[in-house]
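# Topology and contacts: notes
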Amino acid sequence: MQLDRLNSEGDGSILYPSGRTAVTVCKSASGFFHTFIADTEVFQVLCCFDTDGVGSVNYAEGGNPWLVTTKANWMLCSREGRIEQRGSWPRTAKEPILCQVTPELTVTFVDRQHILAAFSCADVDRRFQVGEYLRRVDGIAALGTDAQGRMQLDIPAIRQRISSVGSLYTSPGPHHTVTTQPGLGNLRSIVSKMDPASELRATISELDKGQVRIAGLTTLKHTYGRSSGRSTRRPGSSASNMTAAAGAAAAAVGSSTTLKHTY
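Residues numbered from 1 in each chain as written. Predicted model: local features only at pLDDT ≥ 70, side-chain atom pairs only at ≥ 80, totals over all residues. Heavy atoms only, no water.

A few words now on the sheet that holds strand β9 (residues 97-100). The strand order across the open sheet built from four strands is β9-β10-β11-β12, with neighbouring strands paired in antiparallel fashion. Each edge of the open sheet is held by one strand with a lone partner, namely β9 and β12 (124-129). The mean angle between the axes of side-by-side strands here comes to 15 degrees, regardless of whether they run parallel or antiparallel. As judged from the six bridges shared by strand β10 (residues 105-111) and strand β11 (residues 114-121), these two strands associate in the antiparallel manner. When the sheet's bridge partners are listed, L105 is paired in β11 with F119. (Pairing = 2+ DSSP bridges. Helix = DSSP H or I, 4+ residues; strand = E, 2+ residues; numbered from the N terminus. Axes fitted to C-alpha atoms, helices over the stretch in contact; angles between N-to-C directions.)

Turning our eyes to something else, we now look at the pairing of β11. The hairpin turn running from β10 into β11, its antiparallel successor, is two residues long. Bridge count for β11 against β12 is six bridges, and the pairing is antiparallel. By the bridge assignment, L116 is partnered in β12 with Q129. In textbook terms, the turn of a hairpin is the stretch between consecutive antiparallel strands, and for β11 and β12 this stretch comprises two residues, one of which, A122, has a positive phi near 55 degrees.

Attention now moves to the side chain of H34. Along the chain, H34 turns up in strand β3 (residues 31-37). Given the relative accessible area of 6%, H34 is considered buried. Setting aside residues no more than four positions away along its own chain, H34 makes contact with T24, V25, C47, C48, F49, F128, Q129 and V130. (Buried < 20%, exposed > 50% of the residue type's maximum accessible area, 1.4 Å probe, protein only. Contact = heavy atoms within 4.5 Å.)

Attention shifts here to the sheet that holds strand β7 (residues 73-77). Pairing between the strands of a sheet is mediated by backbone hydrogen bonds and can be parallel or antiparallel. Reading across the sheet, the eight strands line up as β1-β2-β3-β4-β5-β6-β7-β8 and stay open at both edges, with antiparallel pairing between neighbours. The strands lining the two open edges of the sheet, one partner per strand, are β1 (12-15) and β8 (83-88). Pairwise comparison of adjacent strand axes, ignoring direction, gives a mean angle of 10 degrees for this sheet.

Should the pLDDT be low somewhere, the predicted coordinates at that spot are not to be read in detail. Per-residue confidence for the protein gives a mean pLDDT of 76; residues scoring 70 or more make up 65%. Confidence drops under pLDDT 50 across residues 174-180; counting only partners more than four residues distant or on other chains, this segment forms ten contacts. Ignoring residues within four places in sequence, the model shows residues 252-263, a span with pLDDT below 50, making 17 contacts including any to other chains. (pLDDT = per-residue confidence, 0-100.)

What follows is about the nonpolar core. Grouped together as the largest cluster of nonpolar side chains are 34 residues, with contacts concentrated most on V107, F119 and F128. Ranked by the residues each element gives to this core, the list is headed by β11, at four residues. When sequence neighbours within four positions are dropped, the list of residues in contact with F128 reads L6, I14, V23, V25, H34, F36, I115, L116, A117 and F119. (Core = buried A, V, L, I, M, F, W, Y, C linked by side-chain atoms within 4.5 Å.)

Turning our attention to the packing of aromatic side chains. Overall, the coordinates contain five aromatic pairs when judged by the stated rule. Consider the rings of Y16 and F119, whose centres lie 5.9 Å apart with planes at 65 degrees: the pair is edge-to-face. Residue Y16 is located in the loop between β1 and β2 (21-28), and its partner F119 is located in strand β11; the two are separated by 103 residues in the primary sequence. Residue classification places Y16 among the buried positions, given a relative accessible area of 3%. Judged by centre distance (4.5 Å) and plane angle (5 degrees), the rings of Y59 and W66 are stacked. (Phe/Tyr/Trp six-rings, centres within 6.5 Å; stacked < 30°, edge-to-face > 60°.)

Put into structure tokens, the structure is as follows:
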């Protein structure tokens with residue numbers, strides 16, 4: 001029985017010696033869909049990935065997810081379902097994560113574009129790149145075919161794109177490059193890259209100095225004496241002392257402060 005039934009374009013299936021389906025590869029306009037199945041009576045998916053490198057690797061025993069990739073992030077889980085590692089794209093660590101799913105199937109994960117599934121059984125030994133499928137830009141490479149059926153390539157356009165972009169393929173997407181994220185958490189790095197002579201940089205510097213002066217102020221507690229419902233506003237009284245202290249604090253921060261007291 002022929003186990004490897006993939007055609008010349010990589011589309012088709014691979015069988016176990018038992019006759020059960022081990023691998024299915026479905027080709028589409030956007031790339032390939034890969035599914036790896038266990039050699040058991042009950043249907044069980046061991047691994048599956050779509051054309052965007054989104055999918056999962058599952059434990060053979062129990063079926064819990066082992067490695068999960070989405071368009072936003074990735075995670076590595078234990079057999080009990082606890083998340084042991086997780087991260088977003090791009091994955092900075094380039095050390096491969098090895099998942100020995102079964103004796104026949106091993107999955108090596110580096111990032112969303114580099115996920116390798118190795119299947120070896122009987123006389124079949126295949127390597128599948130199941131990560132994100134890079135798509136060639138339409139209308140650049142091929143001009144058509146000649147009378148003998150040979151493809152005619154637009155060599156000048158190919159050379160121009162490679163020199164300007166570096167590849168015939170479209171960009172892998174925003175997850176492949178580090179993008180500066182907005183928000184307060186990134187404000188310090190944004191300010192550090194500003195021109196020291198800019199007005200905004202000077203304003204931020206003055207605000208920082210003001211915060212330092214404010215942090216150095218001491219708040220004093222005052223006791224106000226009351227007599228027959230009338231307040232005491234004589235020189236040297238508590239109210240006069242507080243007014244003087246408030247005036248000194250306002251001068252320290254470079255702004256005017258108006259305090260209203262009701263006695």
